[in-house]
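# Fold and geometry: a report
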Amino acid sequence: MTTRTVDPTQELAAFLRTRRERLDPRDFGLPSRRQSRRTPGLRREEVAERAGVSVDYIVRLEQARGLRPSADVVEALARALRLAPDERAYLFDLTRHRPRDADRPATVAAPPLARLVTDLSPLPAMLMNHRYDILAWNGEMARLLLDFDTLPPAQRNSMWLCLMHPEIREFYVDRERVVREGIAHLRAAWAAHPEDRALTELIAEFTTRDEDFARLWAERDVRVNGRGHKAMRHPDVGVIAVHFEVLMPLQDMDQRLMICRAADEESQSALDRLRAR
């Protein structure tokens, strides 16, 4: 058995053919008599009509004749072929386009992930989307930062808290580094999600209201932090240093799971005291 580098054009052609042939004409209200159909599935003209493209275009795609469909055409083909979510993502990958739903931020926690956040106790953990909206958290994270239930939903955003909340503004020992890294992440998210108007409005608010944010945003640093270190001045137990890890679930790729653990024995002792409270 040999492994070959994927030829996107050939694979796209084969993928479109197999998915077209798997469709049952009866599901579309079409006749399925054998004498009227030489091959299984839908005819090319039937897919073309549903996708809003020409039959010749479908023929050329299925014959791997060098076409690269636009994102709009890919979306239309995915609908016409009734692709499952994973198949749809595969089609977008083959055509080198970003799936449209990648620009739709998660606004609520996926239930399995929300349960996982709770199950991670005693480690502080929370769930966020790409713009740092906080979707779920456990008791340890609430004790470490603040009780998110006391905040209106619009303020449950870790970057908003760092910049605007009077207590959290002074919470981090190395505040400029934390803000700088957060801004570098937001800039990457902003470029990856150009249709996310809420993110654009959030960045505009930060730029207008916070001089540090405006200054650092103008530097155009780009970075996505999957892990790191933060030290915090907790009003009840003193300085706590933590290592954090950010994980992205395959099934819910706009949700990011942040898990913290103590960076040293003193910080672990402080976290234990917080948990006991």
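Summarised in this report is the structure supplied together with it. Just so you know, these numbers come straight off a predicted model, no measurement behind them. (Residues numbered from 1 in each chain as written. Predicted model: local features only at pLDDT ≥ 70, side-chain atom pairs only at ≥ 80, totals over all residues. Heavy atoms only, no water.)

## A few points about unusual backbone geometry
Most of the time, phi is negative for any residue but glycine, and the peptide bond is trans. Here serine 121 and proline 122 are connected by a cis peptide whose omega angle stands at 15 degrees. Within the secondary structure, proline 122 sits in the loop between helix H6 (111-119) and strand E1 (125-128). Even without being a glycine, alanine 64 presents a positive backbone phi close to 55 degrees. Relative to the helices and strands, alanine 64 is located in the loop between helix H3 (55-62) and helix H4 (71-80). (Helix = DSSP H or I, 4+ residues; strand = E, 2+ residues; numbered from the N terminus.)

## Thoughts on the sheet that holds strand E3 (residues 227-234)
Overall, antiparallel pairing links the 5 strands, which are arranged E2-E1-E5-E4-E3 in an open sheet. In this open sheet, the two edge strands, each paired with only one partner strand, are strand E2 (134-137) and E3. With strand direction ignored, the average angle separating the axes of adjacent strands in the sheet is 30 degrees. Across 6 bridges, the pairing between strand E4 (residues 238-247) and strand E5 (residues 256-262) is antiparallel. Residue pairing in the sheet places valine 242 in a bridge with alanine 262 of E5. Along the sheet, H6 makes contact with E1, E2 and E5, crossing E1 at roughly 160 degrees. On top of the sheet, helix H12 (residues 265-276) reaches E3, E4 and E5; it is set at about 90 degrees to E4, its chief contact. (Pairing = 2+ DSSP bridges. Axes fitted to C-alpha atoms, helices over the stretch in contact; angles between N-to-C directions. Contact = heavy atoms within 4.5 Å.)

## Quick word on the pattern of salt bridges
Per the stated rule, a full pass over the model turns up 24 salt bridges. For arginine 177, the salt bridge is made with aspartate 174, and the minimal N-O distance between the two is 3.2 Å. Residue arginine 177 is classed as partly exposed on the basis of its relative accessible area of 27%. With relative accessibility at 35%, the residue aspartate 174 sits in the partly exposed group. Its salt-bridge partner being glutamate 245, residue arginine 227 comes within 2.7 Å of it at the nearest N-O pair. Taken together, the residues arginine 227 in strand E3 and glutamate 245 in strand E4 connect sequence positions 18 residues apart. The structure contains a network of salt bridges with shared partners spanning Arg175, Glu176, Arg180, Asp212, Arg215, Glu219 and Asp221. (Salt bridge = Lys/Arg side-chain N within 4 Å of Asp/Glu carboxyl O. Buried < 20%, exposed > 50% of the residue type's maximum accessible area, 1.4 Å probe, protein only.)

## Digging into the environment of arginine 44
Tracing the chain through its elements places arginine 44 in helix H2 (residues 44-51). With relative accessibility at 26%, the residue arginine 44 sits in the partly exposed group. Expressed as a C-alpha distance, the spacing of arginine 44 and tyrosine 57, which sit 13 residues apart in the sequence, is 9.6 Å. The contact partners of arginine 44, leaving out residues within four places of it in the chain, are Arg20, Val55, Ile58, Val59 and Glu62.

## Quick look at the environment of arginine 115
Mapped onto the elements, arginine 115 comes out in helix H6. When its relative accessible area of 52% is taken as the criterion, arginine 115 is described as exposed. In sequence terms arginine 115 and alanine 136 are 21 residues apart; their C-alpha atoms lie 9.2 Å from each other.

From the geometry alone we can't say anything about function, so treat these as descriptive.
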